[in-house]
Every structure is written in C-alpha cells, then in structure tokens.
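Structure assessment
Listed here are the chains, written in short residue letters.
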Amino acid sequence: MKVLVVGGAGYIGSHAVKALEVAGHEPWVLDNLYQGHRAAVPADRLIEGDLINPPDLAAVLDKTGAEGVMHFAALALVGESVTDPAKYYLNNVVGTLNLLEAMRERKIWRFVFSSTCATYGVPASSPIDESMPQVPINPYGDTKLAIEKALEAYTNAYGFGVAALRYFNAAGAHHSGEIGEDHDPESHLIPIVLQVALGQRENVTIFGDDYPTPDGTCIRDYIHVDDLCSAHVAALEQLEPGKMMKLNLGTGNGFSVKEVIDACREVTGHVIPAVVGSRREGDPAELVANSSKAFETLGWRPKYTSVEQVVASAWQWHQANPNGYGDGKE
Ligand code: UFG
C-alpha cells in the first residue's frame, strides 16, 4: 500500500518508514524538518511541507497517490505546551484537521494516529486500560485528546477507518543501527542517562524520589520503538471503514527512574552519577499500560520485554552516533 508518513523524518516516524518497507508497503514522508532529520529517511522518499499549509497537503497526497496515512507529526513537550498553548493547538489540532480535510476530499480513509498515555492524565489505578477516563492534565494531552475526538466523529460521519494508538514511553533505536533518537534539547530519560555514560553530561538528575512507589521514583512503561512501529503496520493493515480502534501500546512492565539508571550502568559499564532533584511538574507517579486489547486486536506482542534490552539498543545507537544525526536539530 502507498502510505504517507507525516512526520516521517522524526524519531518514531523514521522507524515506521523502515517497518512499512519491510512489510512490503510503499512509504512516502511529509516532514517540515522542524524536528525531523533529513538523514533519517531515504532522500527520494522525502517531501518537505507543512501541515499548517493545506496546499502542501493537497500536493503530497496527489503526488504520492497515498491510500493511507500514518500521522506522527506533533509537538510533544509538556512544559512548552503549558507556556505556549497556541503553538500546540495550531500545530497539533489545526494541522491534523487540515490533513483530515485533504484526505476527505480525496476519499482516503485509512488513518493511523500517534496518541499518548498523556490523554489519561493522572490515572486512578495502574496498569491503565482503554476504558479508563481520559482527563489530560496539560495542553499537550488536551490536543491529542481533541484529535481523538475529531477522529471518532470523522469515523462515524465520513467512514474513516482509524487506529488511535496510545503510546507509553517510546525508547531504543532501530536494530540496524542506522537510525535512532536525537532530540535537541534532549528531555527523555534514557538518552540523557546515556549522554552521561558518554561523558557529555556530568550527571543525571532524578526528578523526585518521594513518589508513592517502591523506591520513590516515577515508574514508566518503556516500549521499544521497533515494537511500536510493528504495531502501527499491523493496525494499518486491519483498518476498516467506519471503525475506530483505540489501543494502548506498552509492554505492561513498569520500571522506576532508578531502575532505568541501574540498567544503563549495567549495559554501558559506566558509573553514571545521579543526583536527586525536585519533582518535575505534571509527572504522574506511575504510567504502565495494560495492552491486552492491542495484543488481541492486532495479534501483536512486543519483542523487547526487558528494560536492559531497550537500553542496549539505544546504547548501540548513541555510542555509534554521539552527536545524533549531527544536524543540531530535534
Ligand atoms: N526523568 C528524570 N530525569 C530526567 C528526565 C526524566 O528523572 O532528566 C524522569 C521523569 O520525571 C519521568 C521519567 O524519567 O518520571 C521519564 O521521563 P521522560 O521525559 O523520558 O518521559 P515522560 O514519561 O515524561 O514522557 C512521555 C513521552 C512524552 C510525552 C509524555 C506525556 O516521552 O513525549 O510522556 O506524559 F509527552
């Protein structure tokens, strides 16, 4: 199938392009290269353009003849979404509506959307399943939930076939070693800890050790990016007009910040100094997925089940590419 991967030069999108190729599909990338990396995708498959600009969308859909769309392009920094919500609503919500309208005009109905566990806010219990209330606690989560609601309406009214995939913490790098995670500034735990191992930072700050968890640090569900992307391909292949899947994508295993740092010490053989700092605003104590619905619906299972495996794959990339793609971009 010809698939337009919007945001395909970014971290998860570029891994999806590889997964689509392996599965025999024909991926095309639309990216504005604001956060994406030119080097992360084949040059002959990259079309530069912006969701905010409807003529770009018309041109790329007509040029590629896309039969389906995977949509990864979004701003995803929680703190920035609080201080500059307009940027988030315009890029994430208005941009996605532009895309849906361009698809509707062309009767393209297959849509796979990057949603997030952030739509659950602070969950009442853990692990989280899809029936739990979606009550985001920041504008980033609000934008993702607003899009999920729009997608539900488009599914019912216009016959779109949609998968809203609610990711937990994406981590790791492609098994080929060719692409990986490169954000600037980096805010995610595993790359930061590995930058300490590489001698690029003096230490890692643990954001709070007074949470109600066994070791006092926050627990997250780290899912390997290749596993995320195989779920995307499976979802794309199972879309049906007029039906919307809403699926959590995680491993079901939670690891604390301290456990992640220990795993990085073990994998890298470096000491990795850590200091305890204050809590980061908006961090729930525990976010772990119940992904049974995805397992059943997609016939999918994550292949990376231990945090050491995920860290080892990230370490392979960071060691070989200490400056990421070397283009100074997120
Ligand atoms: N953390 C630290 N020190 C750091 C960085 C992170 O202790 O230097 C902690 C965080 O407080 C959190 C855990 O490590 O408890 C994971 O933090 P990340 O920033 O790696 O990931 P988040 O769980 O905050 O972020 C994920 C996605 C985001 C999304 C967010 C929404 O990666 O894209 O969930 O909740 F916006």
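Scroll up to find the structure this text is about.
Scoring rules and cut-offs
Residues numbered from 1 in each chain as written. Predicted model: local features only at pLDDT ≥ 70, side-chain atom pairs only at ≥ 80, totals over all residues. Heavy atoms only, no water. Helix = DSSP H or I, 4+ residues; strand = E, 2+ residues; numbered from the N terminus. Rg over C-alpha atoms; globule rule 2.2 N^0.38 Å. Buried < 20%, exposed > 50% of the residue type's maximum accessible area, 1.4 Å probe, protein only. Pairing = 2+ DSSP bridges. Expected span 1.5 Å × (residues − 1). Contact = heavy atoms within 4.5 Å. Near = heavy atom within 4 Å. Polar contact = N/O pair within 3.5 Å; in protein donor to acceptor, adjacent residues only side chain to side chain. Areas by Shrake-Rupley, 256 points an atom, 1.4 Å probe, with all protein chains shown as cover. Axes fitted to C-alpha atoms, helices over the stretch in contact; angles between N-to-C directions.

The number of helices and strands found in the protein is ten helices and 14 strands. The C-alpha radius of gyration of the protein comes to 19 Å, within 12% of the 20 Å expected for a compact globule of 330 residues. Overall, the protein is about 55 × 40 × 40 Å in size when its C-alpha atoms are taken along their principal axes. Evaluated residue by residue, the protein yields a buried proportion of 54% over its 330 residues.

Pairing is mixed across the open sheet formed by three strands, whose spatial order is E12-E9-E14. The sheet is open, and its two borders are formed by strand E12 (255–256) and strand E14 (286–287), each paired with just one other strand. Bridge count between strand E9 (residues 219–220) and E14: two bridges; the pairing is parallel. Opposite isoleucine 219, over in E14, you have glutamate 286 as the bridge partner.

To continue, consider helix H4 (residues 85–105). Compared with the 30 Å implied by 1.5 Å per residue over 21 residues, the 29 Å span of H4 between its first and last C-alpha is a close match. Listing the buried residues of H4 in full gives Tyr88, Asn92, Val93, Gly95, Thr96, Asn98, Leu99, Leu100, Ala102 and Met103. At its buried positions, H4 is contacted by strand E1 (2–6), helix H2 (54–64), strand E4 (68–71), helix H3 (78–83), strand E5 (110–116) and helix H5 (139–158). Among the residues trailing H4, lysine 107 stands out with phi positive, at a value near 60°.

Further remarks concern the site of the ligand. Close to the ligand lie 18 residues; Leu189, Thr205, Phe207, Arg280 and Asp283 are nearest. Arginine 280 places a polar side-chain atom, nitrogen or oxygen, 2.6 Å from an oxygen atom of the ligand. Taking 680 Å² as the accessible area of the ligand by itself, protein coverage stands at 89%. For the shell around the ligand, the secondary-structure elements that each account for two or more residues are helix H6 (189–197) and strand E8 (204–207).

Another point: the sheet that holds E4. Here seven strands make up an open sheet; going across it, the order is E3-E2-E1-E4-E5-E6-E11 and the pairing parallel. Every interior strand has two partners, whereas the edge strands, strand E3 (46–48) and strand E11 (244–249), have only one. Direction aside, neighbouring strands of the sheet carry axes that sit 20° apart on average. The sheet contacts of H4 involve E1, E4 and E5, and relative to E5 the element is tilted by about 165°. The strands touched by H5 within the sheet are E5, strand E6 (161–167) and E11, with E5 carrying the most contacts at an inclination of about 155°.

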